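Topology and contacts: notes
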Amino acid sequence: MSFCLDGVGLTHANGFTALADITLRAEQGERIALIGPSGAGKTSLLSLIGTALPATAGRLEVLDFAVDGRLTAKFKPPSQGSSTVATPLDSRLRGNDSRALRARIGTVHQAPPLPGRQRVVTAVLAGKLGQWPVWKSLLSLLHPLDIPGAQAALARVDLADKLFGRCDQLSGGQLQRVGIARVLYQQPDLILADEPVSALDPALALATVKLLVADAAARGATLVASLHAVDLALNNFSRIVGVKAGHIAFDLPSSEVSDALLHELYASEGQELPTLAGEARFSPQAAANDAAIRAACC
Amino acid sequence: MSPNTHDPAARSRLFGTLTALVILWPLFQAAEVKPGALFEAGNLKVIGNFLAAFLPPETGAEFLAFLGKATLETLAIATAGMALAFALAVPLAYLATGAGRERVTLNPLTRSLLTVLRGIPELVWALLFVRVFGLGPAAGVLALGLTYGGMLAKVYAEILESVDPAPARALRHSGACRPLAILYGLIPQASKELASYTVYRWECAIRASVVMGFVGAGGLGQLMDQAMKMLNGGEAASILLTFMLLVFAADGLSGLLRRGLETPPAHRASPFGWRSGLLLLGLPLTIVASFAFLKIGFSELLTAEAGRSIAEFIASFFPLDLSAEWLQKVAKGVWETLAISVVGTLLAAIVGLLLALPRPHAPFAFVLNTLRSVPELVWATITALAVGLGPFAGALALALHTAGVLGRLYAEALDNAPPAPAQALRLAGAPIGLPFLYGTLPGAAPQLIAYTLYRWEMNIRMAAILGFVGAGGLGQLLYFELSLFHYAQASTVIAAMLLLSIAVDQTSTWLRRRMR
């Protein structure tokens, strides 16, 4: 099991409910695309899984760690099978445990969070800060310690020539690919990609998505990517999760995602899409899924 | 793998580090950095006794009356000095700035006048004016007016040059004269920054007028000087507390004013509401009251006799004493002053950064404010007791005050740095401290370095006068020669101060450009 959400909700301090009653489970090595209209809650969902935001309701397990609502996760002994009920230890997840968990999660951010004046090589090497000993990270600020590693990661996104350039000299698309190279270098067990190709042209976007998928497949890592382009999602991912208005609208193998479903998902967006009447047949299915997952998960 | 796996920046980094060490090592030597002196039994005893005498602070009625009068005098000197500085700065800035000009001219004459005004520390001006106008606040007001006039003018000019020139150019092309083009095209863009800087300077002026008394120009500093000379800890404590209250109050008021600038204007035809109206009415009243309180009769300065004595006084400074022997002494003073400023600023940068890191915690903010509220010269009188007279006392004093200033600026800069990069690293499991080093610092570093360098420019001027209280450097030479009426020698020292501060300004500008 890679991660498992059981009835998870996220309500912001201002009262806005971004996500409600999300139940979702992924096995290690699964590759999932999140699709849905803007503002549906895709980024919030990825933030919850990545422990960037604490859930305000429900239960959440990520990579054998139980994460409770206040982001003070509790360690679940890995010896226990995922099908048995987790018995979280009473101690709060200490900084070390939380870092150990996060070091195994790699996030591709929609806006690459790279300091403008940092050199590309340092920005890529920063992917391993959670894994390196502190002395190594400190030393690497004076002189990059794994230049070949950074170069190899950059070469995979076609940016090997920018190795010693500065981040503020790159274009938006190049910067986004540096962010991807950082995650490739990190080699996490769980890759969360939030609109990873939003700044790339179609050809490059396809190649980059294929790269992420191939990397995850080769290493047996789980990949969850939110994508705006539906065709990119359908053609490259085996499982598609449609998110709408803070709920999961459908969760299906890509072969079973019909045009009708997609129109339903994006119904409120864009003039060209026909407005279909809300069909109830998807909700029972989602509910059935929920029950099954809840039984298996926590 | 391509062969290009050698870091091209490695060599220049190594070289830069080595160069810095080669330059810094002799400077640390010259500043006579002896941390051990802080813990010597004899020194500990002196400072211990002195600090023990701080309690209880002096609260005698007679002393409090003195204190109250001195506080008012300090406030009045600051306000009157700022008024003078503003009156001086507006025309000078207009002449010096390239803003609103069709062709860029650098106006070297005005610019060098500004450099001279700024380059000679206000305390040196005060020391000179005391000799012309006698002991009293007039010398302080004039000194403040000249130095701050120069500073304000330079910064006004730079602010006007930094905003978008297109609106003013368009106005000029449609026939407006230069002052109107600036008023309509540039001031609206720059007004907030201009006002904010003026308020900030007024806050500095209060601190500066506090120390004017050390050279006999009235106010709290004069009381402090007496208390320190008699090692009267109780009085010193009361005065220090008053300093801090004054600086905190000025800080609060200036924050209030600057926040007022942030609020969007109300929707009405008149640009003035009751608040700005009150301010416009209150400000001239305060200025007039300040001059009246200080009883400065500028008319006395305008008599023929006063003019003659001023001219004689100025003439006595020329020609400069350029004998090899004296130049050698001055050169040693220059080197020592440079060492004090560099060591003090470096120590301050380290301490300031450490204090700025835990920025949400209140005690650190209080420590920063306390360090900042005590002027360097006052710190120097205390550090001189702790480590003995000499440059190390000066460097320590500079470091203490500057750490407070830089700590606050650093905290602000770090708060303003984009949080996303560090947050992303935290989410990727980076251990404590590393998200800061890899995520926040690269974004904030240019500003931190710029602040430090700006502060160094100010500190070189301060280092030049710390010697007035025995903390080494050029100040000690100047104080000594002036008390012996050796004006020719003194003017060499003043010229050296001026050259040194210009050189430091240039170096700092060059370094800032390099860091960009």
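Here the structure is shown first, and the text comes after it.
Here is a short report on the structure shown in this document. All values reported here derive from a predicted model rather than from experimental measurement.

Re the sheet that holds strand S3 (residues 31-35) of chain A
Residue and element names in this part refer to chain A. The strand order across the open sheet formed by six strands is S7-S8-S9-S3-S10-S11, and the pairing between neighbours is mixed. Of all the strands in the sheet, just strand S7 (105-108) and strand S11 (247-253) have a single pairing partner and so form its edges. Each strand of the sheet is rotated relative to its neighbour by a mean of 15 degrees, with strand direction disregarded. Taken together, the five bridges between strand S8 (residues 190-194) and strand S9 (residues 222-226) define a ladder with parallel strand orientation. Bridged to isoleucine 191 within S9 is leucine 223. Most of the contacts of helix H6 (residues 172-186) go to S7, to which it runs at about 170 degrees, and overall it touches S7 and S8.

Notes on the pattern of salt bridges
Summed over all chains, the structure comprises 17 salt bridges over all chains. Its salt-bridge partner being A:Asp215, residue A:Arg219 comes within 3.2 Å of it at the nearest N-O pair. Linking A:Arg219 with A:Asp215, this pair stays in helix H7 (residues 202-219), spanning four residues, or about one helical turn. We note a salt bridge from B:Arg461 to B:Asp505, for which the minimum N-O separation is 3.2 Å. Highlighted residues: B:Arg461 in helix H19 (residues 434-465) and B:Asp505 in helix H21 (residues 487-515), separated in sequence by 44 residues. As far as burial versus exposure is concerned, B:Arg461 and B:Asp505 are alike and both buried. Among the charged side chains, a salt-bridge network with shared partners connects A:Glu30, A:Arg239 and A:Asp251.

Concerning helix H4 (residues 108-119) of chain B
All names here are of chain B. The terminal C-alpha atoms of H4 lie 16 Å apart, and with 12 residues this matches the ideal 16 Å at 1.5 Å per residue to within 8%. Taken as a whole, H4 has its buried residues at Thr110, Leu114, Thr115, Leu117, Arg118 and Gly119. On the buried face of H4, the contacting elements are helix H3 (61-96), helix H5 (122-133), helix H6 (137-162), H19 and H21.

What to know about H6(A)
For an α-helix, 3.6 residues make a turn, and residues three or four places apart therefore share a direction. Residue and element names in this part refer to chain A. Taking 1.5 Å of rise per residue, the 15 residues of H6 would be expected to cover 21 Å, and the 21 Å separating its terminal C-alpha atoms lies within 8% of that figure. Most of H6 is tucked away: 14 of the 15 residues are buried. In the segment just after H6, glutamine 187 is the residue with positive phi, at about 55 degrees.

So, the nonpolar core
Looking at soluble globular proteins, one finds that nonpolar side chains tend to be buried together. The biggest cluster of nonpolar side chains holds 144 residues, and the ones touching the most others in it are B:Val124, B:Ile239 and B:Leu478. Each of domain 1 (23-50 + 318-515) and domain 2 (57-261 + 277-315) of chain B gives at least three residues to this core. Sequence-distant contacts of B:Ile239, defined by excluding residues within four places in its chain, comprise B:Phe63, B:Leu67, B:Leu220, B:Leu223, B:Met224 and B:Ala227. If you look at the next biggest cluster of nonpolar residues, it comprises 53 residues, including A:Val124, A:Cys167, A:Leu227 and A:Leu252.

Some thoughts on the pairing of S3(A)
All names here are of chain A. Burial analysis of S3 places four of its five residues in the buried class, which makes it a mostly covered element. Looking at chain direction, S3 and strand S10 (residues 239-244) are connected through four bridges and run parallel. The residue of S10 that forms the bridge with alanine 33 is isoleucine 240.

With respect to the interface of chain A and chain B
The interface is formed by 35 residues belonging to chain A together with 30 residues belonging to chain B. For the chain A and chain B pair, buried surface summed over both sides reaches about 2700 Å², with 62% attributable to carbon and sulfur atoms. Linking chain A with chain B are one salt bridge, by the criterion used here. A salt bridge links A:Arg119 to B:Asp7, with the nearest nitrogen and oxygen atoms 2.8 Å apart. Of all elements in the fold, only helix H2 (95-103), helix H4 (134-142), helix H5 (147-156) and H6 of chain A reach the threshold of two or more residues within the side of chain A that touches chain B. Examining the composition of the side of chain A that touches chain B, we find that six residues originate from one element, H4(A), more than from any other. Split by residue class, the side of chain A that touches chain B holds 18 nonpolar, 11 polar and six charged.

What counts and what doesn't
- Every chain begins its residue count from 1, and numbering advances along the sequence as written.
- Chain A is the first chain written and ligand 1 is the first ligand written, with later ones labelled in order.
- Selection of residues for local features in this predicted model requires a pLDDT of at least 70, selection of side-chain atom pairs for listing and counting requires 80 or more, and totals for whole chains, interfaces and linings are taken over all residues.
- No hydrogens and no water enter the side-chain calculation; it runs on all heavy atoms of the structure.
- When DSSP finds at least two bridges between two strands, those strands are taken to pair.
- Numbering of helices and strands runs from the N terminus, with a helix taken as a DSSP run of H or I at least four residues long and a strand as a DSSP run of E at least two residues long.
- Angles here are taken between N-to-C directions and fall from 0 to 180 degrees, while the axes themselves are lines fitted to C-alpha atoms, restricted in helices to the stretch in contact.
- Whether two residues are in contact is decided by their heavy atoms: any pair within 4.5 Å suffices.
- Think of a salt bridge as a Lys or Arg side-chain nitrogen and an Asp or Glu carboxyl oxygen that are within 4 Å of each other.
- A simple rule labels every residue: compare its accessible area, found with a 1.4 Å probe on the protein chains alone, to the largest value its type can have, and call it buried under 20%, exposed over 50%, or partly exposed in between.
- Every helix has an expected span of 1.5 Å times one less than the residues it contains.
- For our purposes a nonpolar core is just a set of buried Ala, Val, Leu, Ile, Met, Phe, Trp, Tyr and Cys residues, chained together by side-chain atoms within 4.5 Å.
- Each domain's extent is set by a domain assignment, obtained either automatically or from a database.
- Buried area counts how much accessible surface, traced with a 1.4 Å probe, disappears from two parts once they are put together, with both parts' losses summed.
- In this count, Pro and Cys sit with the nonpolar residues alongside Ala, Val, Leu, Ile, Met, Phe, Trp and Tyr, while Asp, Glu, Lys and Arg are called charged and the others, Gly among them, polar.

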